[in-house]
Amino acid sequence: MSTLGLSKVFILDKYFNELQKFWETERKLQDACSSNEALYLQQRLRSLSSELVTLRNRLHVTDAVPHVEAEFSKPTFGMIRPSAWADVHDLIHLPGPLTEDAVLRTLHTRFYNKEYFTNVGPVLLTINSYNDVGNSLTLSSASSRCPQLLYVVHEAIRQQSETGYPQAIILGGESGSGKTYSSMVLLRQFFDVAGGGPETDTYKHMAAAITVLRSLGSAKTTANSESSRFGHFIEIQVTDGAIYRTKMHCYFLDQARVVRPLPNEKNYHIFYQMLAGLTKEERVKLSLEGNSIQNLQYLNCGDTNQDEIEDSSRFDAWKTCLSVLGIPFMDVVRVLASVLLLGNIQFVDGPGEEANIKSGTEIKSVSSLLGISSIALFRGLTSRTTNVRGQIVNSVSNATMATVTRDALAKALYCRTVATIVRRANSLKRLGSSSGTLSTGSSESVRNRAESGSSHPSSIVDSENKASKSLTVLSSAVHRATDGFIGILDMFGFEDGKPSQLEHLCINLCAETMQHFYNTHVFKSSIEYCREEGVYSDVEVDYVDNVPCIDLISSLKTGLLSALDIECLSSRTPESYIQRIKNQHTANSRLIFDSDIADHKSFGVQHFAGNVFYHTTHFLESNKDVVSDDIISVFHKSTCSFGFAIHLFGIELKALYSKGTVPRGTSFRISPTSHTGVQNGNEPVSTLTQDFHTRLDNLLRTLVHAKPHFIRCIKSNSYEEQPHFDRREVIRQIRALQVVETVHLMAGGYPHRMRFKAFAARYRILASSKQLKRTEDKAVEDCKIILDCFIRVLKTSKLTTASTSWSLGKRYIFLSEGARQELDRLRAERRHNAAVLVQSTWRDWKLRKGWLTLQHNPRPRATKPFPYSLPPAIRNTSRPCSQPVAGTPPTDVDQDNKAVKHLFTFIGQDLEHPPPVPPSRPYTVTGSTRIGYPQSRVIRVNFPDGSGEVQIVKGETVVVLGASERRGHLVVEHKNYKIHVPYQYLELKTTANT
């Protein structure tokens, strides 16, 4: 391009940037709340106006650009008013060519109009505006008022109920892009739509579990102050449109943060919250009196700033949620306090090779908290048992080895505590079940129940024989009822740590895998199916395939992780690992080595979202992820009096003491795994990367069999400032997430395909029933008839600018996104018109039938009519009941009546006379407190919120008399009226009458 051509582009680009600033300043001036701010904005407007005039004159007077005026009329160059951009709710409907600049400007304008959600066909884009930076990102703090995410929830439930096919809502984006908050909003909306709302025990159980895990699994990083350090997959079983049960799968990875947080980052939130929220008496019991962030070694190596008021309030909520889950508070904080104090145990080399401790105060405190003797703890930390060709050799550790064992114990205690809480959250036992409480004496109670139950073995065997067939039928029925699930996946986002460790490499491998899953489902499958079916599209999407990067990291033969496993087996060094991957990937352009770094311990990888350099200093130590049996054996019940600590290492202790000498040089994983047993000798335990790769593969197998719904999250800036839209940061993420390629495919390609039979069954309402054959062998003809009717409708009323093309293949009919949207709009319109016709006909018949009676016996008018009514949005909404965890199987399951009768006799139930429905309870539960009626509550929003005069104003206090006979309503007394108000409108006051 010539210099003159470049000058045109630069002037145009600068003009439109200044024009965008002018419009933003104009909008801020309208919202200005002070005279000084308004004066500043007026001066800013005058300055921008003069700059715009100068640029416009330069464009007009230049003889070399006479076509500029014509270009100004094109929507491509941004001459659409911001209101027009803000009205584009789906990027496939953008006027003009679909360019990167048009997409960016649309998102920019919608952002400043507080429109943070934008569709790209079925894919939803969300921009993190950082409006609520201090949000704890729990289920209780998430807002349920988000129509775009609510639509995703309704679609997932609808498709699961219609097809029985599993659904998966997959959130993708970088760290800090708002994935966790969106997942919490989605989960809360699932409970509102299909779970009975926040008043149910299932919701309170899940909300408590998430609150507890958020504090244990979140930390401040350089990119995100509320970064989730573990991924989670929430599995929701939905039967007949109602939530049957929920289960969380957590992927805990960043365990090195417990002992070694990075500079300018923090350890996990729970440590800071505990130090701020513990009382003086609790500090004394936990040996934390006089300790603070500054003198605790596991905390003072990172960021030491703290908001004590916020941390204290979150700790109080965390403490309450532990009691909801039935987990003893003191048991958990004893382990957490021991982890903090373990970091203050400092080792020094003694006269020989053995290690000594500087001070005995910390080791005494830790041993007291863990219920073991200080001598046993010291011996477990400073001795090492090895197995050499079947011979057991005992040796002592130096200061360095003892420090590694200390850190391994701290990480093991923390990781296993988190895993125990996750198992408790997924337990089927709900509130009020004392048998599942992980108290200190829980093992004793279990043993006592087992001994007492063993006195009648014959009766148990007889009962089992009689009910075996019934239990089989019931198990089969429940399994069939819960085949389909809806999952919410919030996995790790792309990160560039400073410096990046092995955990960051695994996190970025997960991000690469999720990006590849998106590419495969959206781009690759569409292209390959069109090729197989002989369908040709005018749009060729050139997307970036990241398979070479995934192969570089995770290839079984030459991958970076495989090379690391080999180095761990031979106890090599970081330098040898760097040399190995250099020799294996000499010609790989995605592997980068910086010659300016003198220590030769770093390498870089070209990821889909940017280049990241990894420092291998702690790679081998983190990958081994082992703790020796010398320290594990200390927690045996013969030497440990703390039942919770015994429970944390229960599986390992059982395997260790089942045979042979203890200790005998066996290695265990620091973090518990579901597939790795106890191994020793020439069969070492699996490494951190092997276990993570296995779990990631299992997750992908689950996702492959589910219908995905993608939500792509983008952070507006990298400083967590609101409201600030950093164009460079956003455009970098748009390119990494391949948003423009997605827009091109959705707007002009064939991203959707349906079997002929399925298409005819769904859209047959668009054609006349007399024309359709309605047989399987005539499905193609029915599709053509429906499409002919669709063409006639489009000629008269086409409401979209996107392509509405389709093509018939061998087995499928291929649709563009515009055609699918128009078909669904017409289908919904026909269904609505049919429903209105049925309702009006029935009402007409009903009124005519009772007209004579009404004419002769007119209804007397009320002297004081009732002035309140529910808004249409709530009045016309019905929510299905939430089914119990151990619910009755669906009625369509074939059952043996005799077997079912035996089963009900076995459990003491009568088929002929079912138990009565229990009455509504005369109280509500807040936290762990029962509050009876009447209660004082505050109106959250104006009631009613529909059209008409507002009767109860937001913020007004009313008296709740009790539960209403209407589902989801409470009886409220207001101005001598008894009103049935939905519970969503009311917020309980802390000063309520009990």
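Rules used in this analysis
Residues numbered from 1 in each chain as written. Predicted model: local features only at pLDDT ≥ 70, side-chain atom pairs only at ≥ 80, totals over all residues. Heavy atoms only, no water. Helix = DSSP H or I, 4+ residues; strand = E, 2+ residues; numbered from the N terminus. Buried < 20%, exposed > 50% of the residue type's maximum accessible area, 1.4 Å probe, protein only. Contact = heavy atoms within 4.5 Å. Areas by Shrake-Rupley, 256 points an atom, 1.4 Å probe, with all protein chains shown as cover. Polar contact = N/O pair within 3.5 Å; in protein donor to acceptor, adjacent residues only side chain to side chain. Phe/Tyr/Trp six-rings, centres within 6.5 Å; stacked < 30°, edge-to-face > 60°. Pairing = 2+ DSSP bridges. Axes fitted to C-alpha atoms, helices over the stretch in contact; angles between N-to-C directions. Core = buried A, V, L, I, M, F, W, Y, C linked by side-chain atoms within 4.5 Å. Parallel < 35°, antiparallel > 145°, perpendicular 65-115°, else oblique. Left-handed = near helix turned anticlockwise from the far one by under 90°. Nonpolar A, V, L, I, M, F, W, Y, C, P; charged D, E, K, R; others polar. Salt bridge = Lys/Arg side-chain N within 4 Å of Asp/Glu carboxyl O. pLDDT = per-residue confidence, 0-100.

Turning our attention to the overall build of the protein. Broken down by element type, the protein carries 35 helices and 28 strands. The buried share of the protein, taken over its 994 residues, is 48%. Summarising the internal contacts of the protein: among those between residues at least 6 apart in sequence, 69% fall at separations of at least 24. Carbon and sulfur atoms provide 52% of the accessible area of the protein, an area that totals close to 49,200 Å².

This next bit is on the side chain of Glu-817. Residue position: Glu-817 is located in helix α32 (residues 817–849). A distance of 2.7 Å separates polar atoms of two side chains, one belonging to Glu-817 and the other to Arg-820. Every residue in contact with Glu-817, bar those within four places of it in the chain, is listed here: Ile-92, Gly-121, Pro-122, Met-746, Pro-751 and His-752.

Once that is clear, we can look at the packing of aromatic side chains. Tallying each qualifying case throughout the model produces 30 aromatic pairs. Summarising the aromatic geometry, the rings of Phe-494 and Phe-608 are spaced 6.0 Å apart at their centres and angled 65° between planes, so their arrangement reads as edge-to-face. Of this pair, Phe-494 sits in the loop between β12 (485–490) and α19 (502–533) while Phe-608 sits in the loop between β14 (602–607) and β15 (610–615), placing them 114 residues apart in sequence. On the basis of relative accessible area, Phe-494 is assigned to the buried category, the value being 8%.

Taken in spatial order, the 5 strands line up as β27-β26-β25-β24-β28 in an open sheet, and their pairing is antiparallel. Of all the strands in the sheet, just β27 (977–982) and β28 (986–988) have a single pairing partner and so form its edges. Averaged over all adjacent pairs, the angle separating strand axes in this sheet is 45°, with direction ignored.

Here we take up the nonpolar core. Counting residues in each nonpolar core, the largest one holds 195 residues, and the members touching the most others are Phe-190, Trp-318, Tyr-414, Phe-603, Leu-703 and Ile-734. Grouped together as the second largest cluster of nonpolar side chains are 19 residues, Met-754, Ala-779, Leu-787 and Cys-789 included.

This next bit is on the sheet that holds β14. A sheet is described by the order of its strands in space; here 3 strands give the open sequence β13-β14-β15, paired in antiparallel fashion. Each edge of the open sheet carries a strand with a single partner, namely β13 (591–592) and β15. Sheet analysis places β14 next to β15, joined by 6 bridges and oriented antiparallel. Residue pairing across strands places Phe-603 opposite Tyr-614, the latter belonging to β15. Against the sheet, α19 makes contact with β14 and β15, and its axis sits at roughly 150° relative to β15, the strand it touches most.

The next thing to look at is the packing of helix α8 (residues 201–217) against helix α12 (residues 308–325). Relative orientation of the contacting elements α8 and α12 amounts to 130°, with a least axis distance of 8 Å. If you check the angle between α8 and α12, you find them oblique. As for how α8 packs across α12, the hand of that crossing is left-handed. Only Trp-318, Cys-321, Leu-322, Val-324 and Leu-325 of α12 make contact with α8, whose side of the interface consists of Lys-204, His-205, Ala-208, Ala-209, Thr-211, Val-212, Ser-215 and Leu-216. Within the contact of α8 with α12, the residues separate by chemical class into 9 nonpolar, 3 polar and 1 charged.

Among the residues making up helix α30 (residues 756–763), those that are buried are Phe-756, Phe-759, Ala-760, Arg-762 and Tyr-763. Against α6 (147–163), β19 (752–755), α31 (779–796), β20 (806–808), β21 (812–815) and α32 lie the buried residues of α30.

What follows concerns the pairing of β12. The buried fraction of β12 is high, at 6 of 6 residues. Neither face of β12 is left uncovered, since the one carrying Phe-485, Gly-487 and Leu-489 and the one carrying Ile-486, Ile-488 and Asp-490 both have all their residues buried. Two strands pair when backbone bridges link them, and strand β3 (residues 167–172) and β12 are joined in this way by 5 bridges, in the parallel orientation. Within the sheet, the bridge partner assigned to Ile-170 lies in β12 and is Leu-489. Sheet analysis places strand β6 (residues 230–239) next to β12, joined by 6 bridges and oriented antiparallel. Looking at β12, one finds that Ile-236 is bridged to Ile-486.

Further remarks concern the pattern of salt bridges. Evaluation of the coordinates by the stated rule reveals 32 salt bridges. Across the pair Arg-158 and Glu-155 runs a salt bridge, and its minimum N-O distance is 3.0 Å. You can see Arg-158 and its partner Glu-155 sitting in helix α6, 3 residues apart, about one turn around the helix. Owing to a relative accessible area of 23%, Arg-158 belongs among the partly exposed residues under this scheme. The exposure class of Glu-155 is buried, given its relative accessible area of 18%.

This paragraph deals with unusual backbone geometry. With omega at -5°, the peptide bond leading from Val-662 into Pro-663 counts as cis. For Pro-663, the position within the fold is in the loop between α26 (650–656) and β17 (667–669). For Ser-287, which is not a glycine, the phi torsion comes out positive at approximately 60°. Along the chain, Ser-287 turns up in the loop between α10 (280–285) and α11 (297–300). Here the phi dihedral of Glu-720 falls at roughly 60°; this positive angle occurs in a residue that is not glycine.

Moving on: the packing of helix α13 (residues 329–342) against helix α14 (residues 361–370). Two quantities define a packed helix pair, namely the angle between the helix axes and the distance between the axes. Running from N to C, α13 and α14 cross one another at 160°; their axes reach a closest spacing of 9 Å. One way to sum up the angle between α13 and α14 is to call them roughly antiparallel. The hand of the α13/α14 crossing is left-handed. On α14, the residues that touch Arg-334, Ala-337, Ser-338, Leu-341 and Leu-342 of α13 are Glu-362, Ser-365, Val-366, Ser-368, Leu-369 and Leu-370.

With that settled, the discussion passes to the confidence of the model for the protein. When pLDDT is averaged across the protein, the result is 80; 75% of the residues are at 70 or more. Contacts for the low-pLDDT stretch residues 675–683, under 50 throughout, to residues beyond four places or in other chains number 17 contacts.

To continue, consider the side chain of Asp-254. Examined against the element boundaries, Asp-254 turns out to sit in the loop between β7 (242–252) and α9 (269–277). Judged by its relative accessible area of 6%, Asp-254 is buried. At 3.0 Å, the side chain of Asp-254 and the side chain of Arg-229 are in polar contact. In this view, Asp-254 contacts Arg-229, Tyr-268 and Glu-503; residues no more than four positions away in its chain are not counted.

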